[in-house]
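# Residue-level structure breakdown
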Amino acid sequence: IMGGMEYGKMIAGCAAALTTKTGQIGYLGPLINDETRRLASSAFLGAKHCWTEVLGNDPAALKFKVTWIGFWFNIPGVTSDPTQVADDFFNSGYDVVISGIDTTEALVEAKKMHDAGKDAYALAYDFKDNCVAPDVCLGVPYFNWGPAYLTTIQSAIDGTFTEGFQWNGPDWADINNPDTSAIGFVKGNGLSTDASAKLDEFIAALAGGLNLWKGPINLQDGTAYLADGEVATDLQIWYLPQLLEGMEGQSVSQ
């Protein structure tokens, strides 16, 4: 059982693009693997769409940089310090940081910067109550494991369980329905009224079939990933080999 967090990350990327004043979005990444590449890339696709198609901005004016710390949370002496990574973003022109790690350093540092007079916002990750600094939090995409677990366990009780793989997306009728939706997004107080309305329109577009994993899309090194009009298969997304063209940061571990 896996949640389709790619949708949540697209929404997070859109919220970031609708908020940034500098056009510079930082992504605080964990370790580098297929999962984290596709999640960071999903955030980029959401940001790029809302930057260009919703706001009408030049795609070349959007800067999206991924900095990896080496794990899902800080391990002193092993990983890079996520506090320092967040500070480096905010001190070099990035005014929105999307957290790809499980802990809250991006929000904590955004609040410090905001309290000092900077435009600084962040998005949390993973858990719906992770907006620990509400006024600088644009929102949080989160997993909701309950519905799939309940259905699977009930099938075992009923004797109807069969082996399989689930990649469960949002319930588009209500992405925050705790009984039906595997992926949700809770807005933070940092999201402006106008950005919130535009984000709702983007979510509605996704619900209506908008697919951002559609070509033409190249990989980070310029090689073709999806031809014009080609829609990525689940396996192409799942095993994304690099970040996408237009993203800065490492695609593989060194």
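Conventions we followed
- Residues numbered from 1 in each chain as written.
- Predicted model: local features only at pLDDT ≥ 70, side-chain atom pairs only at ≥ 80, totals over all residues.
- Heavy atoms only, no water.
- Axes fitted to C-alpha atoms, helices over the stretch in contact; angles between N-to-C directions.
- Helix = DSSP H or I, 4+ residues; strand = E, 2+ residues; numbered from the N terminus.
- Parallel < 35°, antiparallel > 145°, perpendicular 65-115°, else oblique.
- Left-handed = near helix turned anticlockwise from the far one by under 90°.
- Contact = heavy atoms within 4.5 Å.
- Nonpolar A, V, L, I, M, F, W, Y, C, P; charged D, E, K, R; others polar.
- Disulfide = S-S within 2.5 Å.
- Buried < 20%, exposed > 50% of the residue type's maximum accessible area, 1.4 Å probe, protein only.

### Notes on the packing of helix α3 (residues 82–90) against helix α4 (residues 105–115)
- It is at 9 Å that the axes of α3 and α4 come closest, and there the two elements cross at 45°. One element, α3, and the other, α4, form an angle in the oblique class. α4 is crossed by α3, and the crossing has right-handed handedness. Judged by residue contacts, Pro82, Thr83, Ala86, Asp87 and Phe90 of α3 engage Glu105, Ala106, Glu109, Ala110 and Met113 from α4.
- Its residues assigned to classes, the contact of α3 with α4 comprises six nonpolar, one polar and three charged.

### Quick word on the state of the cysteines
- One pass over the structure, following the stated rule, counts two disulfides.
- Between the sulfur of Cys14 and that of Cys50 lies a disulfide, 2.1 Å long from S to S. One quick way to see it: the torsion about the S-S bond of Cys14 and Cys50 is about -90°, and its sign makes the bridge left-handed. Of this pair, Cys14 sits in helix α1 (residues 5–19) while Cys50 sits in helix α2 (residues 34–54); the two residues are 36 residues apart in sequence, bridging distant segments of the chain.
- Relative accessible area serves as the criterion here: at 0%, Cys14 is assigned to the buried category.
- Here Cys131 connects covalently by a disulfide to Cys137, the sulfurs 2.0 Å from one another. Because the torsion about its S-S bond is -45°, the bridge between Cys131 and Cys137 counts as left-handed.

### Some details on α4
- Listed in full, the buried residues belonging to α4 are Glu105, Ala106, Leu107, Glu109, Ala110 and Met113.
- The secondary structure elements touched by the buried residues of α4 are β2 (24–29), α3, β4 (96–99), β5 (121–123) and β6 (137–143).
- One or two positions beyond α4, positive phi appears at Gly117, with a value near 100°.

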